[in-house]
Amino acid sequence: MTYAITQTCCNDATCVAVCPVNCIHPTPEERAFGSTEMLHIDPRACIDCGACADACPVDAIFPVDTLSAGQREYADINAAYYEGGERPAAGDEVDGPNFHVWGEPVFERSLPSDFGPLRVAVVGTGPAGMYAAQDLLLHTAAEVTLIDRLPVAGGLVRYGVAPDHPATKKVGDTFSRFHSHPRVRMHLGIEVGRDVTAEELSAHHDAVIYAVGASTDKRLGVTGEELPGCLSATAFVAWYNAHPEAVAQGVDLSAERVVVVGNGNVALDVARILVADPEALAATDIAAHALDALRASRVREVVVLGRRGPEDAAYTRSELLALKHVPGVELVVDDHDPRTGASIDAAAGADDRAGVLRGLPRVRTGAASPTDGGRRIVLRFHSEVVEIHGGGGGVRSVRVTDGGGAGPADLGAGLLLRAIGYRGLPVPGLPFDEASGTVPHEGGRVAGLPGSYVVGWIKRGPSGGIGANRTCAAETVGTLLADAVAGGLPAPTGDAKAFRRLARQRNRRVVDARGLAAIDRAERERGRRDGRPRVKLATVEELVATARSGRLLRLTR
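First, a word on what this report is: a plain description of the structure on this page. (Residues numbered from 1 in each chain as written. Predicted model: local features only at pLDDT ≥ 70, side-chain atom pairs only at ≥ 80, totals over all residues. Heavy atoms only, no water.)

### Comments concerning the overall build of the protein
Alright, step 1. A count of helices and strands for the protein gives 19 helices and 23 strands.
Alright, step 2. Taking 557 residues into account, the globule formula puts the C-alpha radius of gyration at 24 Å, and the protein, at 24 Å, falls close to it.
Alright, step 3. When each of the 557 residues of the protein is scored for burial, the buried share is 53%.
Alright, step 4. Partitioning the contacts of the protein with sequence separation of at least 6, the portion at a separation of at least 24 is 74%.
Alright, step 5. Total accessible area on the protein stands at roughly 23800 Å², and carbon and sulfur atoms take up 51% of it.
Alright, step 6. In the protein, 61 side chains carry a positive charge and 69 a negative one; their mean positions are 7 Å apart. (Helix = DSSP H or I, 4+ residues; strand = E, 2+ residues; numbered from the N terminus. Rg over C-alpha atoms; globule rule 2.2 N^0.38 Å. Buried < 20%, exposed > 50% of the residue type's maximum accessible area, 1.4 Å probe, protein only. Contact = heavy atoms within 4.5 Å. Areas by Shrake-Rupley, 256 points an atom, 1.4 Å probe, with all protein chains shown as cover. Lys, Arg positive; Asp, Glu negative; His and termini not counted. Charge placed at Lys NZ, Arg CZ, Asp CG, Glu CD.)

As structure tokens, this is what we get:
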């Protein structure tokens, strides 16, 4: 029996490090790492030890003979990687039980014996920031200050992962064990540029790592985009994930059809949530207000628009495969453009994005949503939004390009969600590249600001999933440590106690590690009462009040 990596693979390569026979590829040292959608286990070399499954932070690895019907395709995907053109380059294979050569050992965190502890601030508690903190805490004696503008930690894991992907959220458990680490100090609810300046942050730390992500979205640039009922996927995801800055009653689901613009994983996420069975979602940590709205929703069809063809879609094959197995939801392809069907028919198979669509029903979407049948998701390729028409105080229809020589077509819809990409925002006190939406850097070192570093999407742009931040953080931390060893870090003028006093003077509602633990306990208790993993506190006021009350209760015991 062999193991297989499935849909929720996070690509952080934790499994690679524990495999005793080097059968998981691509490894971080290989050229293909970061360009493949997921990692793959070689069935020829796997010895069924289960070390990879034990180490996987997102429960993505299972024995092949235990895969469910919806996961069985992943056994073939893993095996095909080593049979086709994507496998490790010729010459990598060797005779023997391992099948793959081992690389030379690398000791990236080799520091001088007299290297003293650094005091490093990490701004942002999402995956990028926590991978950086983890690297520092596990491989150095650094003291880490965790800062986030929200009064709760988690970032993308808490507020970006779809609620029906609980396995992906489990990576948060890996990060949360560092929240109470003895060398960690936590200041949640502090915003750089509002409560403290970048200069003040640097004055109290040897180095500062900014992991602030890409928090805004790209625009369509078409007439009607400002209409009520035309939202960003960013706002919709925040709404159903109980982000404290999302408006609880901000999404109208009274129309039967929704148009989602974009062809990435986020577009598939929002489409799936819109038509999923609300009672299935009731077993997740979806926001209570979103669950109520979805129970009352009239949405029965979601049309996902892609500007290019199915062979060029930005979503991963694993997410598309999962979409084919959503209970009670039909997945169909709009064949208004002859190029769509031709691409699907010519595809090589499941290893091709277009090939995954082979065998799906093909339909034509018109001005009106269908009047018969159940819920469905329609993938419409070679189609762009030309204009958004309003009526009745919101969106009435969406005009889109139509292939095959036809003119523009109108799709009746009461809600449009744009999921065409994210963009970073400037950090006060740091340089910013408006064209790319990132902070200029060299290996993570902020240009012109010694002691300041970036990691994650604000560093490399909005690309790569959760696990991609692990190698990104390793590069940034490596650059920081090299600068420290070379004497290139400015000496701080204040200490940790001084920064704590400064933070609390500027913001009386700062949440620390004990307050965060109180929030976690309260949410899990609310979840136990409702038969759910947790019920999130959805406002800043609730989060801060819970953190304070829980902290005071522990202090009085």
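### Overview of the sheet that holds strand E10 (residues 230-232)
Alright, step 1. Taken in spatial order, the seven strands of this open sheet run E10-E19-E11-E12-E15-E13-E14, and their pairing is parallel. Across the chains shown, the open sheet's two edge strands, defined by having one partner strand only, are E10 and strand E14 (362-363).
Alright, step 2. Both strand E11 (residues 257-261) and strand E12 (residues 301-305) contribute to a ladder of five bridges, which runs parallel. Paired with Arg-257 across the strands is Glu-301, a residue of E12. (Pairing = 2+ DSSP bridges.)

### Some remarks on helix H16 (residues 468-485)
Alright, step 1. End to end, H16 covers 26 Å across 18 residues, agreeing with the expected 26 Å (1.5 Å per residue, within 8%).
Alright, step 2. The set of residues buried in H16 consists of Asn-469, Cys-472, Ala-473, Thr-476, Val-477, Thr-479, Leu-480, Leu-481, Asp-483 and Ala-484.
Alright, step 3. Once H16 ends, the next one or two residues include Gly-487, with phi positive near 75 degrees. (Expected span 1.5 Å × (residues − 1).)

### Considerations on the sheet that holds strand E17 (residues 394-400)
Alright, step 1. With antiparallel pairing, three strands are arranged side by side in an open sheet as E16-E17-E18. With one partner strand each, in any of the chains shown, strand E16 (385-391) and strand E18 (409-412) form the two edges of the open sheet. This sheet shows a mean twist of 30 degrees between the axes of neighbouring strands, independent of strand direction.
Alright, step 2. Where E17 meets E18, four bridges bridge the pair, whose relative direction is antiparallel. If you follow Val-398 over to E18, its bridge partner there is Leu-411. (Axes fitted to C-alpha atoms, helices over the stretch in contact; angles between N-to-C directions.)

### A few points about helix H4 (residues 127-139)
Alright, step 1. Given a rise of 1.5 Å per residue, 13 residues ought to cover 18 Å, and the 18 Å separating the end C-alpha atoms of H4 matches this to within 8%.
Alright, step 2. For H4, the buried fraction is high: eleven of the 13 residues fall into the buried class.
Alright, step 3. The complete set of buried residues in H4 reads Pro-127, Ala-128, Gly-129, Met-130, Tyr-131, Ala-132, Ala-133, Gln-134, Asp-135, Leu-136 and Leu-137.

### Considerations on the nonpolar core
Alright, step 1. Membership of the largest hydrophobic core comes to 116 residues, with the highest contact counts inside it found for Ile-24, Ile-209 and Tyr-240.
Alright, step 2. Tyr-240 has contacts with Ala-162, Pro-163, Asp-269, Val-270, Ile-273, Ile-286, Ala-287 and Ala-290, leaving out every residue within four places of it along the chain. (Core = buried A, V, L, I, M, F, W, Y, C linked by side-chain atoms within 4.5 Å.)

### Describing unusual backbone geometry
Alright, step 1. In the segment running from His-25 into Pro-26, the intervening peptide bond is cis, with an omega of -5 degrees.
Alright, step 2. A positive phi angle, near 55 degrees, is found at Asn-22, a position not held by glycine.
Alright, step 3. Looking at the element boundaries, Asn-22 is found in the loop between helix H1 (14-18) and strand E2 (24-25).
Alright, step 4. A relative accessible area of 9% places Asn-22 in the buried class.
Alright, step 5. The backbone phi angle of Ala-242 is positive, close to 60 degrees, even though this residue is not glycine.

### Thoughts on the packing of aromatic side chains
Alright, step 1. Summed over the entire model, instances satisfying the criterion amount to five aromatic pairs.
Alright, step 2. Measuring from ring centre to ring centre gives 5.0 Å for Tyr-131 and Phe-175, while their planes differ by 85 degrees; the resulting arrangement is edge-to-face. Here the residue Tyr-131 occupies a position in helix H4, and Phe-175 occupies one in helix H7 (residues 171-176), the gap between them amounting to 44 residues.
Alright, step 3. For Phe-175, a relative accessible area of 4% puts it in the buried group.
Alright, step 4. Centroid distance Phe-236 to Tyr-240: 5.4 Å. Interplanar angle 90 degrees. Geometry classified as edge-to-face. With Phe-236 and Tyr-240 both in helix H9 (residues 233-240) and four residues apart, this pair spans about one turn of that helix. No difference in accessibility class separates Phe-236 from Tyr-240, as the two residues are buried.
Alright, step 5. Among the aromatic side chains, those forming a connected cluster through ring pairs are Phe-236, Trp-239 and Tyr-240. (Phe/Tyr/Trp six-rings, centres within 6.5 Å; stacked < 30°, edge-to-face > 60°.)

### Topic: the pairing of E12
Alright, step 1. The element E12 is largely enclosed, with a buried count of five among its five residues.
Alright, step 2. What you see with E12 is no split at all: Glu-301, Val-303 and Leu-305 on one side and Val-302 and Val-304 on the other are buried throughout.
Alright, step 3. Here E12 runs beside strand E15 (residues 375-380); their pairing, made up of five bridges, is parallel. Residue Val-302 lies in a different strand from E15, and its bridge partner there is Ile-377.

### Description of the side chain of Asp-269
Alright, step 1. Position of Asp-269 relative to the elements: it lies in helix H10 (residues 265-275).
Alright, step 2. In this view, Asp-269 contacts Ala-162, His-165, Tyr-240 and Glu-319; residues no more than four positions away in its chain are not counted.

### Observations concerning the pattern of salt bridges
Alright, step 1. One pass over the full model with this rule turns up 39 salt bridges.
Alright, step 2. We note a salt bridge from Arg-272 to Asp-164, for which the minimum N-O separation is 2.6 Å. In this pair, Arg-272 sits in helix H10 while Asp-164 sits in the loop between helix H5 (156-159) and helix H6 (166-169), placing the two residues 108 residues apart along the sequence.
Alright, step 3. What makes Arg-272 buried here is its relative accessible area of 6%. (Salt bridge = Lys/Arg side-chain N within 4 Å of Asp/Glu carboxyl O.)

### Some points on the environment of Pro-533
Alright, step 1. The residue Pro-533 is located in the loop between helix H18 (513-530) and helix H19 (540-556) in this model.
Alright, step 2. As a C-alpha pair, Pro-533 and Pro-166 span 367 residues in sequence and 9.4 Å in three-dimensional space.
Alright, step 3. When neighbours within four sequence positions are excluded, Pro-533 is seen to be in contact with Ala-283, Thr-284, Asp-285, Arg-524 and Gly-527.

### Remarks on the environment of Met-186
Alright, step 1. Locating Met-186 in the fold gives a position in strand E7 (residues 184-188).
Alright, step 2. Here the alpha-carbon distance between Met-186 and Thr-125, two residues 61 residues apart in the chain, equals 9.9 Å.
Alright, step 3. The residues touching Met-186, leaving out its near neighbours within four places in the chain, are Leu-146, His-179, Val-511, Asp-512, Ala-513 and Leu-516.

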